[in-house]
Amino acid sequence: MAGKPGRKCTICGHPERAQIEAEVQAGATLRNVAQAHGVKLGAVFRHMKNHAFIAPIEKFEVEPEPVQEAPAGIDDDDIW
Ligand SMILES: [Zn+2]
């Protein structure tokens, strides 16, 4: 849940959502998947963490420091 009203998840609304999830699940890096589908890395990360139907993924290969709960006020759509 969450967020500010009006802000929706780019991936949830993406026509290739299932493909994006499948690729991440298959082991592609989030960065590569994001680039392949023209979405933000942060959006993929957040979606996979919070919205994906699939089994939990433990190996997120992201280079930035692990993103914990973002402090309130951070516009997490734009950090990456
Ligand atoms: Zn989502």
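Residues numbered from 1 in each chain as written. Predicted model: local features only at pLDDT ≥ 70, side-chain atom pairs only at ≥ 80, totals over all residues.

**Concerning helix 3 (residues 41–50)**
Counted only if it meets this: Neighbour density around each residue's C-beta defines its exposure: 20 or more other C-beta atoms within 10 Å make it buried, 12 or fewer make it exposed, and counts between make it partly exposed, where C-beta atoms are placed from the backbone. Every helix listed is a DSSP run of H or I at least four residues long, and every strand listed is a run of E at least two residues long, numbered separately from the N terminus.
For helix 3, the buried fraction is high: seven of the ten residues fall into the buried class. Those residues of helix 3 that sit buried are Gly-42, Ala-43, Val-44, Phe-45, Arg-46, His-47 and Met-48.

**Considerations on helix 1 (residues 17–25)**
This is how the line gets drawn: To obtain the arc, one takes the directions from the helix axis to the C-beta atoms. In this description, a residue-residue contact is defined by the distance between C-beta atoms placed from the backbone, which must lie within 7 Å.
Those residues of helix 1 lying buried are Ile-20, Glu-21 and Val-24. On an axial view of helix 1, the arc spanned by its buried residues comes to 95 degrees, and they lie on one face. Where the residues of helix 1 are buried, they touch helix 2 (30–37) and helix 3. Phi for Gly-27, located one or two positions after helix 1, is positive at around 115 degrees.

**Remarks on the environment of Ile-11**
Position of Ile-11 relative to the elements: it lies in the segment before helix 1. Note: C-alpha distance between Ile-11 and His-47 (36 residues apart in sequence) is 6.3 Å. Those residues in contact with Ile-11 that sit more than four places away from it in its chain are Arg-17, Ile-20, Val-39, Ala-43, Val-44, His-47 and His-51.

Function cannot be read off these values alone, since they describe shape.
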